[in-house]
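Coordinates in review
One letter stands for each residue in the lines below.
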Amino acid sequence: MLKKIKEFFRVIGELKYIIPLMRYKWPDLEDNASLAHSFQETVQKFGEKEFLYFEDEVWTYKQTNEAANILANKLSNEGIEHGDRIVLFMENRPNFIISILALNKIGAIGVLINTSLTGNPLIHCINSSDSKKCIVGAELASSLEEVLGEINVKNKSDIYWVKDGSNYECPQWASNLDTLIDTSKSNNLSITSKVTAKDTAFYIFTSGTTGVPKAALFPNAKIIAASVNISKGGYRIDSSDCMYNCLPLYHSTGLMLGLCACVQVGAATFIRRKFSASAFWKEAKQFNTTAFVYVGELCRYLSFQEPSEEEVNNPISKMVGNGLRPDLWDCFRNRFNVERIVEIYGASEGNALFMNLLNKDETIGMTNAKVGIFKYDVAEDKLVKDKNDKYIEVDDHQPGLLLVEIGPNAIYNGYTDKKASEEKVVSNVMVDGDRWFNNGDLVKTMDVGFSLGRESEITRDELLFSKFVSKLQIRFSTLFQDVMEKQLILKNVMTSAEWSKVRDKIQYDFTSDHFYTELKQQEIMTARMTLARDMEDFVGKYYSKEWFRTNILRQNEEEAQLEDERIESELESESDGSEDEGI
């Protein structure tokens, strides 16, 4: 009971931070609100302050702004105009940040390409964007060269090569950007005043797990609203903080939740090309990173590391991100002593952002958008309707498909592909003519806010993935059988007649992912133990021990009896041991 009272007053204390956010108003579409404007305002306040730490480089806000102005002037002089699209294919490093700022300053759209793409996916992302020019990092030039004959940006004058150390030389098919820029043109550009909140700042591509990657539209208004709310309501950082950011900046988590949040308040950031679990805590201490932008997979790797001296008394006190599994929450709270864990949820192309503003464990928090949770048939992969052809809302605390109503406070920008955008919309949900964005995830309500499907629940994505794996297994079995038939007959191991007799008797057994199964079992056990601990005071008062063991611990009669025998045996052994010890 005391624990619940303390939690109640802790949540009440959080309201002083939440109320100002509830009053936050999105920028008007014609406002001069953009990443470029925010950055220039921050430069006025904290120009000489250190902004970027990368390898052995340190950049101040002023130096970064001047470099962005130099590049923006070059692009403008080359005929790049408001609304033009420019491919950016580069790893995490200062030149990436300089490039996106330069593009935003002139109102151009940065087409941010996944650095791991090669071949056809890379060709698709570049060609589907209809870009005028391409900025490529020297470290990725070889990937671009492989597809040069297939992409629609191929003239040497349209491909800007950006050096990366001294290990690369500019190829013949690209222009060395360093030799083209005029370093004297480092002042802010007047054309930035024409950039507004409604303008698209970036194309950020989906992973492409359900088809080819799709470009999600990110207008300036969305970037500003997200970064303001996350910096002030999520991390609660200011200019004295430094963030650890090893997530790819071509994705919204690393870009908006990480970089843009720092820009809003004048904080510094340490950026890394790629995540390293072994170097993480050492670098966190070296650069005194008080904040961390995460995805769940990174957290899992960190939890698997052996305890080290570097993790003790580490500086990280707040972290914001997505995908932190329930079994890892306690690890970061207790082992790494992270005081504030703010899980967020929202699709890149979506129209709402959920945020765990109250710092409650294992929840995605709340949103100010209008949402609905509807009954969903996971096996059939579709929403369920009642006899009146109406969608059915689920009861409290029951999982269902999350839909967010599209409206003035929840604008749906979608993809560049209009057909793909409409496929994510469900109409006539509550009233005729309404439109709702389908997030594609199962969620449920909690005492405060929402949580994603977890533990033994099979989520929609897990089911779809299992179907995908099953199809691959069937396809592989068929192909392998055909190859085996040809080889056995060609090498005279058996005749066609003999093969036809054994063909139907051949079976294929695919190994399952034992680690995933083990992880799922651990998650279920952790949830049961947590619930058992919370219910300890109610057993014998409101619930019998038999009910507790059957419904919470999920023990059947045989298992309960076996555990009783084991406990009794252990107690006898301990008793015998203590008597012997005393003799």
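Refer to the structure presented above.
The text that follows walks through the structure, step by step, so that each part is easy to find. (Residues numbered from 1 in each chain as written. Predicted model: local features only at pLDDT ≥ 70, side-chain atom pairs only at ≥ 80, totals over all residues. Heavy atoms only, no water.)

Focus on the overall build of the protein chain
Scanning the protein chain from terminus to terminus reveals 17 helices and 22 strands. Burial statistics for the protein chain: of 583 residues in total, 46% are counted as buried. With the model as given, the accessible surface of the protein chain reaches about 30,800 Å², and the carbon-plus-sulfur share is 50%. (Helix = DSSP H or I, 4+ residues; strand = E, 2+ residues; numbered from the N terminus. Buried < 20%, exposed > 50% of the residue type's maximum accessible area, 1.4 Å probe, protein only. Areas by Shrake-Rupley, 256 points an atom, 1.4 Å probe, with all protein chains shown as cover.)

Focus: the packing of helix 10 (residues 296-304) against helix 11 (residues 326-335)
For the pair helix 10 and helix 11, the least separation of the axes is 10 Å and the interaxial angle reads 60°. One way to sum up the angle between helix 10 and helix 11 is to call them oblique. Crossing angle aside, the handedness with which helix 10 passes helix 11 is left-handed. Seen from helix 10, the contacting residues are Gly-296, Cys-299, Arg-300, Leu-302 and Ser-303; seen from helix 11, they are Leu-328, Cys-331, Phe-332 and Arg-335. The residue inventory of the contact of helix 10 with helix 11, partitioned by class, reads 5 nonpolar, 2 polar and 2 charged. (Axes fitted to C-alpha atoms, helices over the stretch in contact; angles between N-to-C directions. Parallel < 35°, antiparallel > 145°, perpendicular 65-115°, else oblique. Left-handed = near helix turned anticlockwise from the far one by under 90°. Contact = heavy atoms within 4.5 Å. Nonpolar A, V, L, I, M, F, W, Y, C, P; charged D, E, K, R; others polar.)

Some remarks on the side chain of Glu-91
With respect to the element layout, Glu-91 can be found in the loop between strand 3 (85-89) and helix 4 (94-105). A distance of 2.9 Å separates polar atoms of two side chains, one belonging to Glu-91 and the other to Arg-273. Excluding its chain neighbours within four sequence positions, the residues that come into contact with Glu-91 are Phe-96, Thr-115, Glu-139, Leu-140 and Arg-273. (Polar contact = N/O pair within 3.5 Å; in protein donor to acceptor, adjacent residues only side chain to side chain.)

Looking at the environment of Val-443
Relative to the elements of secondary structure, Val-443 occurs in strand 21 (residues 435-445). Counting along the chain gives 43 residues from Val-443 to Gly-400, while the straight-line C-alpha distance between them is 5.7 Å.

A word on the sheet that holds strand 2 (residues 57-60)
Pairing in this open sheet of 8 strands is mixed, and the strands run 2-1-11-10-12-13-14-15 from one edge to the other. Across the chains shown, the open sheet's two edge strands, defined by having one partner strand only, are strand 2 and strand 15 (354-355). Relative to strand 15, strand 14 (residues 340-345) runs antiparallel, the two being bridged by 2 bridges. Of the residues in strand 15, the one forming a bridge with Ile-344 is Met-355. Packed onto the sheet, helix 3 (residues 61-77) meets strand 1 (50-54) and strand 2 and runs at close to 85° relative to strand 2. (Pairing = 2+ DSSP bridges.)

Remarks on the side chain of Asp-158
Topologically, Asp-158 is positioned in the loop between helix 6 (141-146) and strand 6 (159-162). Look at Asp-158 and you get buried, because its relative accessible area is 18%. Polar side-chain contacts of Asp-158 include one of 2.7 Å to the side chain of Lys-133. Not counting chain neighbours up to four residues away, the residues in contact with Asp-158 comprise Lys-132, Lys-133, Cys-134 and Val-153.

Some details on the packing of aromatic side chains
For the structure shown, the criterion picks out 18 aromatic pairs. Ring centres of Tyr-53 and Phe-287 lie 5.4 Å apart, and the angle between their planes is 45°; on these two criteria the pair is classed as tilted. Of this pair, Tyr-53 sits in strand 1 while Phe-287 sits in the loop between helix 9 (277-286) and strand 12 (291-295), placing them 234 residues apart in sequence. As far as the burial class goes, Tyr-53 and Phe-287 line up, both buried. Ring pairing ties together the aromatic residues Tyr-53, Tyr-244, Phe-270, Phe-275, Phe-280, Trp-281, Phe-287, Phe-292, Tyr-294, Tyr-301, Phe-332 and Phe-336, which thus form one cluster. The positively charged end of Lys-214 is found above the aromatic ring belonging to Tyr-415, 5.4 Å away from the centroid. Lys-222 extends its terminal NZ or CZ atom over the ring of Phe-218, reaching a point 4.6 Å from the ring centre. (Phe/Tyr/Trp six-rings, centres within 6.5 Å; stacked < 30°, edge-to-face > 60°. Lys NZ or Arg CZ within 6 Å of the ring centre and 35° of its normal.)

A few points about the pairing of strand 1
Among the 5 residues in strand 1, 4 count as buried, and that is most of the element. By the bridge criterion, 4 bridges tie strand 1 to strand 2 in an arrangement that is antiparallel. Across the sheet, residue Leu-52 finds its bridge partner in strand 2, namely Trp-59. Linking strand 1 to strand 2, which pair antiparallel, is a turn of 2 residues; within it Glu-55 sits at a positive phi near 50°. For strand 1 and strand 11 (residues 268-271), the ladder comprises 2 bridges, and the chain directions are parallel. Each residue of the ladder has a partner; that of Tyr-53, found in strand 11, is Phe-270.

What to know about the environment of His-37
Along the chain, His-37 turns up in helix 2 (residues 35-46). Distance from His-37 to Asn-104, taken between C-alpha atoms, is 8.9 Å for residues 67 residues apart in sequence. Excluding its chain neighbours within four sequence positions, the residues that come into contact with His-37 are Asn-32, Thr-192, Ser-193 and Val-195.

Overview of the pattern of salt bridges
For the coordinates displayed, the defined rule picks out 22 salt bridges. The partner of Arg-272 in a salt bridge is Glu-283, and the shortest N-O contact between them spans 2.9 Å. One end of the pair, Arg-272, is in the loop between strand 11 and helix 9; the other, Glu-283, is in helix 9, with 11 residues separating them in the sequence. Lys-370 is paired through a salt bridge with Glu-405; the nearest N and O atoms lie 3.6 Å apart. With Lys-370 in the loop between strand 15 and strand 16 (371-374) and Glu-405 in strand 19 (residues 400-405), this pair connects stretches of sequence that are 35 residues apart. Classification of Lys-370 as partly exposed rests on a relative accessible area of 47%. Glu-405 sits in the partly exposed class, given a relative accessible area of 23%. (Salt bridge = Lys/Arg side-chain N within 4 Å of Asp/Glu carboxyl O.)

The quantities given are spatial measurements derived from coordinates; they are silent on function.
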